[in-house]
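# Coordinate analysis (summary)
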Amino acid sequence: MTSVLLALGSTLLMHPVHETVCEIEWNAETRRIEVALRIDVLDEQWMARSIQADADDDWQGEYLRSKLFFDPQVGQGERTASGPAESGPTESEAVKLSGRPIRWVGRKPDGGHVWWFFEVVCKDGRPPTSIQTRLLFDRHRDYQHRIVVLGKPVADDGKRISILLTEQKPSAALMLVR
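Throughout what follows, the structure given in this document is the object of discussion. (Residues numbered from 1 in each chain as written. Predicted model: local features only at pLDDT ≥ 70, side-chain atom pairs only at ≥ 80, totals over all residues. Heavy atoms only, no water.)

Further remarks concern the side chain of glutamate 44. Note on placement: glutamate 44 falls in helix H2 (residues 41-50). On the accessibility criterion, glutamate 44 (7% relative accessible area) is buried. Excluding residues within four positions of it along the chain, glutamate 44 makes contact with Ile39, Trp59, Gln60, Arg107, Val114 and Trp116. (Helix = DSSP H or I, 4+ residues; strand = E, 2+ residues; numbered from the N terminus. Buried < 20%, exposed > 50% of the residue type's maximum accessible area, 1.4 Å probe, protein only. Contact = heavy atoms within 4.5 Å.)

So, in C-alpha cells, the structure goes:
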C-alpha cells in the first residue's frame, strides 16, 4: 500500500497543475471591473521572455490586451473562427480579437507568485457579459484559469460564482451584477 501511495505521489509531482487565480469585481462607482490576477513567477518570466520584454518595461498591460478579452469582438476585416462557437478561435486561426480596454495598474510579488492588478474600462457604464482568454495556453496546453467573482452576485447555493477556463473552454459568460 505504501508503494502505491508513493507512486501516486510521484506521479502528481511529475504533473503539476498549471493554474492562475483571478478575482474580479464590478465597481459601480468607477464603472470599471477591478481585477487581481495571481500567476506563478516562472510563468511571468516565461511571458516576458516570449515577447522579449525588458524586465524594467511595463509590458504586462500590452500582454494582457493580446491574451485576455472582456466582451471579445472579431476585428474588422478579419475572418471569423471556424469550429464550435463555445471553443472560440485559436491563435493559429489568425483571428484578431479585441474587447473592452484594459488599464494596467501594477504588480506585487507574493513568494512564488505575483499579483497583477488591472481594470477593465466600461465606457458604456455596463459590465461586460463574457470573457475569453488565450493566456498561457501557448506555454502549457493543460493550463487552467480559475476566476472568482467578488461582490454581490452569488450562485443559487449561496457561494461565490467561480468560472474555470481551459484551452478546450477558453470563454464563458460573466454575471457581475444581478
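The next point concerns the pattern of salt bridges. For the structure on display, the rule yields ten salt bridges. We note a salt bridge from aspartate 138 to lysine 67, for which the minimum N-O separation is 3.4 Å. Taken as a pair, aspartate 138 in the loop between strand E8 (130-133) and strand E9 (144-154) and lysine 67 in helix H3 (residues 60-67) lie far apart in primary sequence, 71 residues in all. In this structure aspartate 138 comes out as partly exposed when scored by relative accessible area, which is 43%. Taking the relative accessible area as the measure of exposure, lysine 67 reaches 7% and is therefore buried. A salt bridge links aspartate 124 to arginine 100; the shortest N-O distance between them is 2.9 Å. Here aspartate 124, found in the loop between strand E7 (113-121) and E8, pairs with arginine 100, found in the loop between strand E5 (97-98) and strand E6 (102-110); they are 24 residues apart in sequence, far enough to count as distant. Overall, arginine 100 belongs to the buried group, its relative accessible area being 16%. (Salt bridge = Lys/Arg side-chain N within 4 Å of Asp/Glu carboxyl O.)

This next bit is on H3. Restricting attention to buried positions, one finds in H3 the residues Gln60, Gly61, Tyr63, Leu64 and Lys67. On an axial view of H3, the arc spanned by its buried residues comes to 160°, and they lie on one face. The elements touched by buried residues of H3 are strand E2 (32-40), H2, strand E3 (68-70), E6, E7 and E8. (Arc of directions from axis to C-beta.)

What follows covers the sheet that holds E8. As summarised here, the arrangement of the three strands in space is E3-E8-E11, forming an open sheet in which the pairing is antiparallel. Unpaired on one side and paired on the other, E3 and strand E11 (171-173) mark the two borders of the sheet. Taken over all neighbouring pairs, the strand axes of this sheet differ in orientation by 10° on average, direction set aside. Contacts between H3 and the sheet are confined to E3 and E8, with E3 contributing the most and set at about 65° to the helix. (Pairing = 2+ DSSP bridges. Axes fitted to C-alpha atoms, helices over the stretch in contact; angles between N-to-C directions.)

That is the geometry; function is a separate question.
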